[in-house]
Amino acid sequence: MSKNLIIVESPAKSKTIQRFLGKNYEVMASNGHVRDLPKSQMGFDPEHDFEPKYITIRGKGELLAALRKEVKKADKIFLATDPDREGEAISWHLTAALDLDPKKTSRITFNEITKNAVKQSLKESRDIDMGLVDAQQARRVLDRMVGYSISPLLWAKVKRGLSAGRVQSVALRIIADREKEIDEFIPREFWSLEADFMVPGVKKPLTAKYYGKNGKDELASKEEVDKVLKELKNATYKVEEIKNGERMKKPPLPFTTSTLQQECAKVLNYPTRKTMQVAQQLYEGVNVKGHGIIGLITYLRTDSTRISDEADKACKEYVRQIHGDEYVIEKEQTAKQGKNVQDAHEAIRPTYVDLTPAEVKDSLTRDQYRLYQLIWKRFVASRMSSAKYETISVKIAGKGHVFTSAGSKLVFPGFLSVYQSDEDKVENNPALSKLKEDAKLTLKELRDEQHFTQPPAHYTEASLVKALEELGIGRPSTYAPTITTLISRRYVTKEKKNIFLTELGEVVNKIMVEEFPSIVDVNFTATMEALLDGIAEGNVEWKTVIRNFYPDLKESVDRAEEALEKVEIHDEVTDIVCENCGRNMVIKYGPHGKFLACPGFPECRNTKPYYEKIGVKCPKCGGEIVIKRTRKGRPYYGCENNPECEVMTWQRPSGKTCPKCQNLLVYKGSKLSCSDEKCGYVEQVKDEADES
């Protein structure tokens, strides 16, 4: 009987596959990559057409020796690394590192680790796809080129330990641009007016919102509200119009990598990195009671919403048996294909739809169970019919002014019986169904409330992933490591779910924008992704992309080395005396910014927070306004006498006080705005040149 060797990436995956195959199959793991560019050098030679220099990764020698031993025994070798560009490249590297005979070596791929999928892949074995390999080589060389060219510049001009990256630097710029939008945002005042009406036969009043007199009118000030209230004095109200209708809510599409990361952040509060780690465990295989080691979900790195015919049929049959024929979707919706979407894989779904979350719960960790439940419910819901609502909207008029109220009632749950979020829940006021046209209503109360428009929200991991995907930056496999790198380099910090730019991130982004505008240009980066897709499809030669990119990058680096001055981080001496040894304390830089330290270190280890004065007095107590930082490094401005004085603002104070409420005026772009948003005072910043 012939001996077959299958090489996969992870030991967990090898255990799962070994169960499906007979004794004539041996499954071994490479533990990821076995060759890479050397860490100590660029790894390619521009003088010799950018040919990459690959070396065996340190620590892999013993593993490769064990693999070579099995290769000699095998009549046939199957390379079963992950079904993406990186997986294809790992198979190619294994071929070289193990000196595999092409005649007895084949490549197999499967989207799910099930018996049928693995056995089918063995029947459909193929040669290594060099288009995919070259696309991965191009990505690796481009990333190395950018990182190893610009990072040393940052070390020399700012501090050691910093890094720049092709995707990472664009993501940093996107965050920095959002911070600037928020800082420069000027709130605009507006008012709302609500009326409570009593409806005969109903205890709970009907709340309606002010719509306007001549169409939809926005109330921009208290004066406008008072004018409306004056006109409504002694008004009689009647139901002017009732509209009944029907609304359908379509089921969600099954998960892609991006939508899974977004939903996990929103529903489970998982960072993107954790989502991918737990999903990898479910994909590679877990020990389920009564089933052994099985893969519970399909491949987790995908931007496709496509589902195989077999899985689609199995899911619809499950829905039909559990819920009934009327719950099975008649025609599936399809996602709009983005410009960089690859349809090589299915969407993320359970491998066995009949293995419900309840059945596998006892075999999974809490994190695994919560993620599997989310994926399972989303997939099943995607094969179910739309939810149906009855809607009603009314217009209530008084002295020409109109108030509106609307509600909806769920009449057929459809997919909502399986997958429902908070936004799907509706409350219907029973008073709406009791109304009749021309019926007179009694006014119980009128309420006015002041509001201010809000600035754009800070990015969260979920919204940043969504932005990167929409802009065509990176691939599904790059989102999590990109965000992890930004946080680990302390370019950004997370507070609750929000991402904030740090002082260090601001400095690095400024250098990248000024010296390497093309690297951090969103369109340029998206175009590069399209070129990588072209390489994968065999339409572009990978070294052509490298040859065209390198000269411009080198020119920019050479120019920056000459033009950039070193960002000196001297130990600035202060007039603050160390209470332990009497020396004048100095300003040091730590992960979260500046702090005070005794220069007598290591004999004296005294440290304390450093608050930089900005030359502005506190309007409440006369103390100095200083720059402070939250525990995670986000800067803000506050009074030095805190906690006795609670004056603080996120924007830089100008030194002026608001003529309306005496609070600080802060800079927001080209305007000064009151630090109390409820005040709403704004004035134009005067240019000193104009004054002279």
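A short tour of the structure in this document, coming up.

What counts, and at which threshold
- Residues numbered from 1 in each chain as written.
- Predicted model: local features only at pLDDT ≥ 70, side-chain atom pairs only at ≥ 80, totals over all residues.
- Heavy atoms only, no water.
- Helix = DSSP H or I, 4+ residues; strand = E, 2+ residues; numbered from the N terminus.
- Buried < 20%, exposed > 50% of the residue type's maximum accessible area, 1.4 Å probe, protein only.
- Contact = heavy atoms within 4.5 Å.
- Areas by Shrake-Rupley, 256 points an atom, 1.4 Å probe, with all protein chains shown as cover.
- Lys, Arg positive; Asp, Glu negative; His and termini not counted.
- Charge placed at Lys NZ, Arg CZ, Asp CG, Glu CD.
- Phe/Tyr/Trp six-rings, centres within 6.5 Å; stacked < 30°, edge-to-face > 60°.
- Lys NZ or Arg CZ within 6 Å of the ring centre and 35° of its normal.
- Core = buried A, V, L, I, M, F, W, Y, C linked by side-chain atoms within 4.5 Å.
- Salt bridge = Lys/Arg side-chain N within 4 Å of Asp/Glu carboxyl O.
- Pairing = 2+ DSSP bridges.
- Axes fitted to C-alpha atoms, helices over the stretch in contact; angles between N-to-C directions.
- Polar contact = N/O pair within 3.5 Å; in protein donor to acceptor, adjacent residues only side chain to side chain.

1. Regarding the overall build of the chain
Within the chain, the secondary structure is distributed over 19 helices and 30 strands. Taken along its principal axes, the extent of the C-alpha atoms in the chain is 95 × 80 × 50 Å. In the chain, buried positions account for 49% of the 692 residues. Contacts spanning at least 24 positions in sequence make up 66% of the contacts within the chain whose residues lie at least 6 apart. Surface summary for the chain: the accessible area is close to 35500 Å², and the carbon and sulfur share equals 47%. Looking at charge distribution, the chain has the averaged site of its 110 positive side-chain charges lying 5 Å from that of its 103 negative ones.

2. Quick word on the packing of aromatic side chains
All told, the structure shown has 13 aromatic pairs when counted by the stated rule. Here Y54 and W92 contribute two aromatic rings whose centre-to-centre distance is 6.0 Å and whose plane-to-plane angle is 80 degrees, an arrangement assigned as edge-to-face. In this pair, Y54 is assigned in the loop between β5 (51-52) and β6 (55-56) and W92 in helix α3 (residues 85-97), connecting sequence segments 38 residues apart. Relative accessible area serves as the criterion here: at 23%, W92 is assigned to the partly exposed category. Ring centres of Y327 and F412 lie 4.7 Å apart, and the angle between their planes is 45 degrees; on these two criteria the pair is classed as tilted. Note that Y327 is positioned in the loop between α10 (309-322) and α11 (357-360) and F412 in strand β15 (residues 401-412), a separation of 85 residues in sequence. Through a chain of ring-to-ring contacts, the aromatic side chains of F197, Y210, Y237 and F403 assemble into a single cluster. The side chain of R144 reaches across the aromatic face of Y148, ending 4.1 Å from its centre. For the cation-ring pair, R178 lies above Y459, with the distance from its terminal atom to the ring centre recorded as 4.2 Å.

3. A closer look at the nonpolar core
Ranked by size, the top nonpolar core spans 63 residues in total, and within it I6, L21, F110, L296 and Y372 carry the most contacts. Broken down by element, the residue count for this core peaks at nine residues, all from helix α12 (residues 366-382). Those residues in contact with Y372, other than ones at most four positions away along the chain, are L282, L296, I297, P350, Y352, L355, T356, P357, V360 and L364. Of all hydrophobic cores here, the second largest spans 54 residues; its members include V170, V465, I473 and M528.

4. Details of the pattern of salt bridges
This model, assessed by the stated rule, comprises 40 salt bridges. Residues E461 and K494 are paired through a salt bridge, measuring 3.0 Å at the closest nitrogen-oxygen approach. On the criterion of sequence distance, the pair formed by E461 in helix α14 (residues 461-470) and K494 in strand β17 (residues 492-495) is long-range, its members being 33 residues apart. With a relative accessible area of 7%, E461 lands in the buried category. Note that K656 is salt-bridged to E683, the shortest N-O span being 3.6 Å. Here E683 lies in strand β30 (residues 682-684) and K656 lies in strand β27 (residues 653-657), a separation of 27 residues in the sequence. One salt-bridge network, in which partners are shared between bridges, spans D49, E51, E541, K543 and R547.

5. Section: the sheet that holds β15
Strand order around the closed barrel formed by six strands is β9-β10-β15-β14-β11-β16, with antiparallel pairing between neighbours. For this sheet, the mean angle separating the axes of adjacent strands, direction not counted, is 35 degrees. Note: strand β9 (residues 189-198) against strand β16 (residues 440-452), ten bridges, orientation antiparallel. Across the sheet, S192 pairs through a bridge with E449, a residue of β16. The strands touched by helix α7 (residues 222-231) are β9, β10 (206-212), β15 and β16; relative to β9, the strand with the most contacts, the crossing angle is about 25 degrees.

6. A word on the side chain of D312
Its location among the elements puts D312 in helix α10. Accessibility expressed as a relative area gives 16% for D312, which makes it buried. Here the side chain of D312 touches R383 through a polar contact of 2.9 Å, side chain to side chain.

7. Describing the environment of S556
Assignment of secondary structure puts S556 in helix α18 (residues 542-563). Judged by relative accessible area, which is 12%, S556 ranks as buried. Separated by 83 residues in sequence, S556 and I473 place their C-alpha atoms 22 Å apart. In this structure, S556 is in contact with E515 and F516, ignoring residues within four places of it in sequence.

8. Description of unusual backbone geometry
Residue P602 follows F601 across a cis peptide bond; omega there is 10 degrees. When you line up the elements, P602 lands in the loop between β21 (593-597) and β22 (607-609). Of note, the amide linkage connecting N642 to P643 takes the cis form, showing an omega dihedral of 15 degrees. By the secondary structure assignment, P643 is in the loop between β25 (635-639) and β26 (648-649). We note that N31 has phi near 55 degrees; this positive angle belongs to a residue other than glycine. Following the sequence through the fold, N31 ends up in the loop between β2 (25-29) and β3 (35-36). You will see that D438, though not glycine, has its phi angle at about 70 degrees, which is positive. Inspection of the secondary structure assignment puts D438 in the loop between α13 (430-434) and β16.

9. Remarks on the pairing of β16
Relative to β16, strand β11 (residues 237-249) runs antiparallel, the two being bridged by two bridges. Paired with K238 across the two strands is K440, which belongs to β16.

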